[in-house]
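Coordinate inspection notes
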Amino acid sequence: MATAAEATAMRRAIALSAAGIPSTSPNPPVGCVVLAQDGSAAGEGYHVRKGGPHAEAHALAAAGRLARGGTAVVSLEPCNHAGRTPACRQALIDAGIARVVIAVLDPTSRGEGGAARLRQAGLDVEAGVLAAEARVVLGPWLDSLERQRPATTWAYVIGPAGIDAASEAMDDVRALTLGCDAVLHPDGSVREAQPGSHGAGTLTLTGLPPAPDPRDLTRMLYQGGVRRLLLLAHPAAAEPFTAAGLIDRVYAYLPDRDPSRSPGNGEQTAVTPPRFTITGVKRLEGYVRIEAVPMPEICS
Ligand SMILES: [Zn+2]
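Read on for a plain summary of the structure.

1. Structural notes on the packing of helix H1 (residues 4–17) against helix H5 (residues 131–147)
Pairs of packed helices are described in terms of their axes, by the angle between the two and the distance that separates them. Running from N to C, H1 and H5 cross one another at 5°; their axes reach a closest spacing of 9 Å. On the basis of the axis angle, H1 is roughly parallel to H5. Only Glu133, Ala134 and Val137 of H5 make contact with H1, whose side of the interface consists of Arg11, Ile14 and Ser17. Considered class by class, the residues forming the contact of H1 with H5 number three nonpolar, one polar and two charged.

Structure follows, in structure tokens:
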């Protein structure tokens, strides 16, 4: 069972991991805290982008010799494969770490990943610690992996003349793009949300082809490294995505209006797509923002 100090460290690791959103894609955002043998925090770190040091490497480097006999607290199972960087499980072993506390097991490891190898090397390993909290950060990455497409958000404005694509000129939309790898623009182009943030050559982006099947586009974007996609699209462009079940969340911006009004003739009054359910609301200057997600599918 994790100690109170380990739980505190895990929440710190989870919070740190979020600073890797979205630049780590296609890698997951991960945070790590190394506790010295006496339980005090000795080092911390998070993964920034593919090809760079993983969270464990940053935390071990910061902890230095204090890592020996200590505990590594990490939000995702340490990796077991040496790619552009050495395997984290080996770095933890080499640093003399005695215990590893993990929130979420890496579904790609299939039980043969870092945790198994760490146990074989004699380290004490505990997994599943604050997993639900770690999933707040890792959720879109995990969902993306499972669905083989990016976690996708559609943002739109509900104007008197109907639904319109939300614009990056809106402060809140600009803030949304900070959490996305790529943005599908109303002209059909797909561009990195923060140019250069993933490192050169990490993402391969494909624009919207004529008469596209949105499933093909999202699959291609997933293969191109995109794990979080923002649609700034008109309803006609977004409808094939909603029809194919490819939208995971919508943000609908409803401008402040007269408190007593009759909708215009034929005015679109729906705030969410069909079969979406409201999960949140945020007051903004001049708008309310409605957040909605697809209703869970009911088996009949
Ligand atoms: Zn790693």
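On we go.
2. Looking at the sheet that holds strand E3 (residues 71–76)
Reading across the sheet, the five strands line up as E2-E1-E3-E4-E5 and stay open at both edges, with mixed pairing between neighbours. Whereas interior strands pair on both sides, the edge strands pair on one side only; in this sheet they are strand E2 (41–46) and strand E5 (124–127). Strand after strand, the sheet turns through a mean of 15° between neighbouring axes, direction not considered. Sheet topology places strand E4 (residues 99–104) next to E5; four bridges connect them, and they run parallel. In the strand pairing of E5, Arg99 is matched with Asp124. Helix H2 (residues 55–63) contacts strand E1 (31–35), E2 and E3 of the sheet and is inclined by roughly 150° relative to E2.

3. Some details on the side chain of His54
Here His54 lies in the loop between E2 and H2. Judged by its relative accessible area of 18%, His54 falls in the buried class. Apart from the residues within four sequence positions on either side, His54 is in contact with Asn27, His47, Cys79, Thr85 and Cys88.

4. Details of the coordination of the zinc ion
The zinc ion binds to the protein through His54 (ND1), Cys79 (SG) and Cys88 (SG); the donor distances cover 2.0 to 2.3 Å. When the donor residues of the zinc ion are listed from N- to C-terminus, their spacing reads H-x24-C-x8-C. Judged on exposure class, the residue Cys79 and its partner Cys88 are both buried.

5. Let's talk about the pairing of strand E6 (residues 151–159)
Across the nine residues of E6, nine count as buried, placing the element largely inside the fold. Burial along E6 is two-sided: the residues Ala151, Thr153, Ala155, Val157 and Gly159 and Thr152, Trp154, Tyr156 and Ile158 are all buried. When E6 meets strand E10 (residues 228–231), the two strands line up parallel, connected through four bridges. Bridge pairing links Ala151 to Arg228 in E10. Pairing analysis gives five bridges linking E6 to strand E11 (residues 249–255), with the strands arranged parallel. Across the sheet, the residue bridging to Ala155 is Tyr251, located in E11. Of the pairings in the sheet, the one linking E6 to strand E7 (residues 162–165) comprises four bridges and is antiparallel in character. By the bridge assignment, Val157 is partnered in E7 with Asp164. Joining the antiparallel neighbours E6 and E7 is a turn of two residues.

6. Looking at the packing of aromatic side chains
Inspection of every chain in the model, using the stated rule, returns two aromatic pairs. Centre to centre, the rings of Tyr253 and Tyr287 are 6.0 Å apart; their planes meet at 80°, and the pair counts as edge-to-face. Separated by 34 residues along the polypeptide, Tyr253 in strand E11 and Tyr287 in strand E13 (residues 287–294) bring together distant segments of the chain. Of the residues examined, Tyr253 reaches a relative accessible area of 0% and is grouped as buried.

How each quantity is defined
Residues numbered from 1 in each chain as written. Predicted model: local features only at pLDDT ≥ 70, side-chain atom pairs only at ≥ 80, totals over all residues. Heavy atoms only, no water. Axes fitted to C-alpha atoms, helices over the stretch in contact; angles between N-to-C directions. Helix = DSSP H or I, 4+ residues; strand = E, 2+ residues; numbered from the N terminus. Parallel < 35°, antiparallel > 145°, perpendicular 65-115°, else oblique. Contact = heavy atoms within 4.5 Å. Nonpolar A, V, L, I, M, F, W, Y, C, P; charged D, E, K, R; others polar. Pairing = 2+ DSSP bridges. Buried < 20%, exposed > 50% of the residue type's maximum accessible area, 1.4 Å probe, protein only. Donors = N, O, S within 2.8 Å, 3.2 Å for Na, K, Ca; no water. Phe/Tyr/Trp six-rings, centres within 6.5 Å; stacked < 30°, edge-to-face > 60°.

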